[in-house]
Amino acid sequence: RANSGIKFPDGSIQTTAAAGLPLANGNSNFNIATANGNATVTTAGAQTWTFDTTGNVTIPGSIIGTTTIEIDNRATGNGADINLYSADDILIQARDRDIGSTSEGGDINIYAGDSAEDSDTSGGDINIEAGRGGASNLDFGGSGGFVSVSAGQGGAAVGANISARSGGSLTLNAGDAGANN
């Protein structure tokens, strides 16, 4: 094909990979080091993404989106999970709003899946469990972790005819029994 190939920032086009891989521009490159092996992308010689042969992607930093980031694993069957593991903390936080914003703070919604219609299986569960304290052969055992559930505090108001808003509500409900038809 005429004019097909790789266009570099200086405007030149390379139509064939004369030396094969890695494909580089400065200290950034794309490489598949062995036949049928992992693919790597390195930027500025310092940050490397690895796409391995088992379908895993290793990233050197954060995933940052300018629109919704969706992780959807529903089409893979009944046994596929999404697991988040961390060496320390896992933070799930919705967006705080800037001064003057008229939008509410971001919400965090956690839902378990419904059971299928005409099924005698139960709906999905939501489990929240704090960590267990470590056992010790030398001293006291470690304390178990805490579970804290709190509603938000109302904001303060300033002005003669303005009143502060109430704090958030905390509601715990158990499910109703199904109908016997």
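Before reading on, note that the structure itself is shown above.
### What to know about the sheet that holds strand 7 (residues 57–58)
Right, so step 1: Read from one edge of the open sheet, five strands run 3-4-5-6-7, paired in antiparallel fashion. Pairing within the sheet leaves two strands with one partner each, and these edge strands are strand 3 (23–25) and strand 7.
Right, so step 2: Note that strand 6 (residues 47–51) and strand 7 share two bridges and pair antiparallel. Each residue of the ladder has a partner; that of Thr-50, found in strand 7, is Thr-58.

### Examining the pairing of strand 6
Right, so step 1: Here strand 5 (residues 39–43) pairs with strand 6 via five bridges, running antiparallel. Paired with Thr-42 across the two strands is Thr-48, which belongs to strand 6.

### A word on unusual backbone geometry
Right, so step 1: Phi at Asn-36 takes a positive value of approximately 60 degrees, unusual for a residue other than glycine.
Right, so step 2: As for its position among the elements, Asn-36 is in the loop between strand 4 (28–32) and strand 5.
Right, so step 3: Even without glycine at this site, Ala-44 takes up a positive phi of about 55 degrees.
Right, so step 4: Tracing the chain through its elements places Ala-44 in the loop between strand 5 and strand 6.

Parameters and conventions
- Residues numbered from 1 in each chain as written.
- Predicted model: local features only at pLDDT ≥ 70, side-chain atom pairs only at ≥ 80, totals over all residues.
- Heavy atoms only, no water.
- Pairing = 2+ DSSP bridges.
- Helix = DSSP H or I, 4+ residues; strand = E, 2+ residues; numbered from the N terminus.

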